[in-house]
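Listed below are the residues making up each chain.
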Amino acid sequence: MEAPVLLLDAGERECPIKLKQRSAPFIAVLNHDAGQVRTERGQMVDPIMVNFPLPLMTATLFVGVAVMVWGLELGPRRANVMFAGLLGLCALEAILVGLRFGYGVDQLIPVQRALPLFLGPMIYLSFVSLTVGASRFRRLTLLHLAVPVVILGMFWTVSDGLGRIDWLISGSYLFYLVALYLLWRKGPDALSYAHVEVSRGLSNGILRGAGILVFVLFLDTAIALDFMLNRGAHAAKLISYGSLPLIVFTLAALITIPRMLNSPQAAKPATPSTSGRDAEIEAGLGALMRQDQLYLDPDITVQRLARRLHLPVRTLSAAINREKGKNVSQYVNDFRVEHAAKMLTQGQDSVAIIAAQSGFLSRSNFYREFQRVYGQTPVEFRKSGAPKTAATD
């Protein structure tokens, strides 16, 4: 069946866009006429036609985001490995799709159709890598990645190839959507192995990961239904429309990921404690922070703080939330901001140096947290005579 051709007005001439069909997302193939187009028997023929699949553009962008993520300060190195691996998986899938539909390379179709089964586990494991220790994470990784391998093996040996795998992939997306939602509900402090400065941004990133799964789920389901009911009559349009948002997403990610990790979050009103235990825990943490100045360590994590107090992470997090109306990362940053305020009043170091010496990983986050606490930027604070009290608790 000849693939449909959509003609777009490009000024004095027409630019043909040829859309090829498949039953998975990330596809739209752009054929730009670089010379004179002639037609023979309903087909375009041009020896200098430039054929560039949009999935290859998407793959390039995914690689760019992976390089950026690899260099971020998230916490344990396994988190960088997992996030970069996730983006590498997306890039590989896009490359295989581009080769198949852009250049007719069909030998790798089984691999291309099987890879989406690993998307949900990889998104989930990337965030889980910041919630548990190394040994437990290895067990979880083995479990969540072994299941799709076993399922694929069963399809090859019991079923007729990968004919019905689309519905299994959709089921996997739904399962990991629920898992991501449950992880997000635990809050930033659940990411106890992440640096406290980036834990809030990473918690928000869980929702973004779930959003990707929702998008791909609807796109895959729509395409699968179209092939089942209409023999793929509308698949080309679905695929082409679905490709563009992914390109926009990866472009936006290159700009927004650093900001996302440092995004501000308003403190919640403190909830009165039902016992003195929360006040005791908060007092212990406060004393530990002041005596050892742990807040000056940019790599400090909720896990390390809880270990120093001989408390479970959940107990520490819940106590700070109830007693102070904020999460542990905000609590730690309050000490950092207080330290920075003293340096601003007592010395002449630049704001960038003060931010680094106060435990902040980035100057942008330092500015946000300082303004959250004192209601003005560090520069304004220094010029205004440096008020001694914070604007917020």
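Residues numbered from 1 in each chain as written. Predicted model: local features only at pLDDT ≥ 70, side-chain atom pairs only at ≥ 80, totals over all residues. Heavy atoms only, no water.

Undergrad: Is there a simple way to think about the pattern of salt bridges in this case?
TA: Two side chains bearing opposite charge may form a pair once their charged atoms approach each other closely. Taken as a whole, this structure holds seven salt bridges when the rule is applied. Across the pair Asp292 and Arg308 runs a salt bridge, and its minimum N-O distance is 2.4 Å. On the criterion of sequence distance, the pair formed by Asp292 in helix α9 (residues 277–292) and Arg308 in helix α10 (residues 302–308) is long-range, its members being 16 residues apart. With its nearest N and O atoms 2.9 Å apart, the salt bridge here joins Arg304 to Asp297. Taken together, the salt bridges that share partners define one network made up of Lys326, Asp334, Glu369 and Arg372. (Salt bridge = Lys/Arg side-chain N within 4 Å of Asp/Glu carboxyl O. Helix = DSSP H or I, 4+ residues; strand = E, 2+ residues; numbered from the N terminus.)

Undergrad: Help me out: how do you make sense of the side chain of Ser170 in this one?
TA: Among the secondary structure elements, Ser170 is positioned in helix α6 (residues 165–185). Classification of Ser170 by relative accessible area gives buried; the value is 8%. Contacts of Ser170, omitting those with residues within four sequence positions, involve Leu217 and Thr221. (Buried < 20%, exposed > 50% of the residue type's maximum accessible area, 1.4 Å probe, protein only. Contact = heavy atoms within 4.5 Å.)

Undergrad: So what exactly am I meant to see when it comes to the packing of α9 against helix α12 (residues 328–346) here?
TA: The packing of two helices is summarised by the inter-axis angle and the distance between the axes. Packing of α9 against α12 brings their axes to within 11 Å, and their N-to-C directions diverge by 40°. Taken together, the axis directions place α9 and α12 in an arrangement best described as oblique. Judged by the twist between their axes, the crossing of α9 over α12 is right-handed. Contact residues: Glu282, Leu285, Gly286, Met289 and Arg290 in α9; Tyr331, Val332 and Phe335 in α12. Of the residues in the contact of α9 with α12, the class split is five nonpolar, one polar and two charged. (Axes fitted to C-alpha atoms, helices over the stretch in contact; angles between N-to-C directions. Parallel < 35°, antiparallel > 145°, perpendicular 65-115°, else oblique. Left-handed = near helix turned anticlockwise from the far one by under 90°. Nonpolar A, V, L, I, M, F, W, Y, C, P; charged D, E, K, R; others polar.)

Undergrad: Would you mind showing me how to read helix α5 (residues 134–157) here?
TA: An α-helical segment advances 3.6 residues per turn. Residues three or four places apart therefore align on the same side. Its 24 residues place the ends of α5 34 Å apart at the C-alpha level, agreeing with the 34 Å of an ideal helix rising 1.5 Å per residue. In α5, a bend of some 25° at Ala146 exceeds every other bend along the element, and Pro148, a proline, comes one to four places later. Here α5 has its buried residues at Phe137, Thr141, His144, Pro148, Leu152 and Phe155. (Expected span 1.5 Å × (residues − 1). Bend = angle between axes of the 7 residues up to and from the residue.)

Undergrad: Just to check I follow, could you spell out the environment of Arg314 for this structure?
TA: Tracing the chain through its elements places Arg314 in helix α11 (residues 313–324). Overall, Arg314 belongs to the exposed group, its relative accessible area being 67%. Each C-alpha atom of the pair Arg314 and Lys186 lies 9.1 Å from the other, and the pair is 128 residues apart in sequence.

Undergrad: What am I meant to see in a nonpolar patch on the surface here?
TA: Together, Trp167, Leu225, Met228 and Leu229 make up a nonpolar patch on the protein surface, roughly 420 Å² of accessible area in all. The greatest single-element share of the nonpolar patch, amounting to three residues, is contributed by helix α7 (residues 199–230). Relative to the elements of secondary structure, Leu229 occurs in helix α7. (Patch = residues over 30% accessible without salt bridge, like charges linked within 9 Å, V, L, I, M, F, W, Y side chains within 5 Å. Areas by Shrake-Rupley, 256 points an atom, 1.4 Å probe, with all protein chains shown as cover.)

Undergrad: Sorry if this is basic, but what is going on with the side chain of Arg336 here?
TA: Positionally, Arg336 belongs in helix α12. Among the polar contacts listed, one links the side chain of Arg336 to the backbone oxygen of Tyr295, at a separation of 2.7 Å. A polar contact is formed between the side chain of Arg336 and the backbone oxygen of Asp297, at a distance of 3.1 Å. Contact partners of Arg336, with chain neighbours within four places excluded, come to Val196, Glu197, Tyr295, Asp297, Pro298, Ile300, Ser358, Gly359 and Phe360. (Polar contact = N/O pair within 3.5 Å; in protein donor to acceptor, adjacent residues only side chain to side chain.)

Undergrad: Help me out: how do you make sense of the nonpolar core in this one?
TA: When a protein is soluble and globular, its nonpolar side chains tend to lie buried together. Counting residues in each nonpolar core, the largest one holds 52 residues, and the members touching the most others are Leu180 and Leu213. Looking at this core, the elements with two or more residues in it are α1 (54–70), α2 (77–103), α4 (119–128), α5, α6, α7 and α8 (235–261). The element contributing the most residues to this core is α2, with ten residues. (Core = buried A, V, L, I, M, F, W, Y, C linked by side-chain atoms within 4.5 Å.)

Undergrad: Would you mind going over the confidence of the model for the protein chain with me for this structure?
TA: Low-pLDDT portions of the prediction should not be read for the details of their coordinates. Per-residue confidence for the protein chain gives a mean pLDDT of 76; residues scoring 70 or more make up 76%. In the predicted structure, residues 263–270 sits below a pLDDT of 50 and forms 22 contacts with residues beyond four places in sequence or in another chain. Low pLDDT (under 50) marks residues 388–393, which in the prediction has twelve contacts with non-local residues, meaning those over four places away or in another chain. (pLDDT = per-residue confidence, 0-100.)

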